Amino acid sequence: MTRLILAAALLAATLAPAAAELLAPSKDRLFALPATIETSDDGARIVVDYKEMRDINGRDEIPERRAHATYVDLSVRRAQRDVTVQTPAGNIPHIAVGKPEGARFIVAYLHGQGGNRGQGADDFTFGGNFNRIKNLAAQNGGLYLSPDFADFGATGAGQVAALLKTYANASPQASVFVACGSAGGAICWQLAQDADLAPRLGGLLLLGSHWDENFLKSPAFRARVPVYLGHGSRDRVFPVERQEAFFRAIRSASGYPARFVRFESGSHGTPIRMTDWREIINWMSERR
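What counts and what doesn't
- Residues numbered from 1 in each chain as written.
- Predicted model: local features only at pLDDT ≥ 70, side-chain atom pairs only at ≥ 80, totals over all residues.
- Heavy atoms only, no water.
- Salt bridge = Lys/Arg side-chain N within 4 Å of Asp/Glu carboxyl O.
- Helix = DSSP H or I, 4+ residues; strand = E, 2+ residues; numbered from the N terminus.
- Buried < 20%, exposed > 50% of the residue type's maximum accessible area, 1.4 Å probe, protein only.

Colleague: Can you lay out the pattern of salt bridges for me, pointing to particular residues and giving the numbers?
Modeller: Applying the stated criterion across every chain yields a total of 22 salt bridges. Close ionic contact of Asp 28 with Arg 132 constitutes a salt bridge, the shortest N to O distance being 2.9 Å. Taken together, the residues span a long stretch of sequence, with Asp 28 in helix H2 (residues 28-31) and Arg 132 in helix H4 (residues 129-139) at a distance of 104 residues. Exposure remark for Asp 28: the relative accessible area of 26% places this residue in the partly exposed category. With a relative accessible area of 2%, Arg 132 lands in the buried category. Glu 244 is paired through a salt bridge with Arg 262; the nearest N and O atoms lie 2.7 Å apart. One end of the pair, Glu 244, is in helix H8 (residues 240-251); the other, Arg 262, is in strand E12 (residues 258-264), and 18 residues separate them in sequence. The two residues Glu 244 and Arg 262 agree in class, both being buried. Shared partners join several salt bridges into a network, and the residues in it are Glu 38, Asp 41, Arg 45, Glu 244, Arg 248, Arg 262 and Glu 264.

Pasting the structure below:
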């Protein structure tokens, strides 16, 4: 009898489905990274083969303005709202896609200098990559946010923190993933210092952005919030060598969960176009 019970238990374990990924597949072949040129740091740093003629001209109907239709799914617009939420930091306009309450996860994109909430919700720019994250959120029971904010200092960071906490309170089981493009990274690093928000962070994604040594002393760092750094090798705003050095400073802390993707020959905006949202967010969710 004991042997029968043991055999039944082993069979059940064998047949049990593996834990579901946070984000299910969606246009994975189209949005997969180009070929890997080099790997280092135990696989945490990779260099990929970015080519403008293939990855912009071959992907866009109108280069840098309109992706080919195969890269987008406009049905997600049914789940999209342009709204304003009242928070302790004031009224914050933003675009929300997906479930405003009871979401499985929350992803926010914070624009850089000269941007606005519309940038992170544009279906056709950046090769359709924002359309993809919108669809990934809507299809997987999540919430995607693209907010306006006053500046990249304390006021703007306070507004974003208040917005994220408002939605996090409405989805108590959701981890919050924050992606910051270019100068928006200043807000990512300030959010990392928020002791109340840090435990809810599922990961920080810095897309063609900058570094902040103070992160190494932050509540988010102590909580081992995963960090992804995507950077073009020809970025003239933030030198790739400085960001790579910062990555290694993070990694030196007992194998901290950090990844660096260098887009060889890519420019400042390349990581926003080329980062594989599904792969990075799933990697982060497995480490929280």
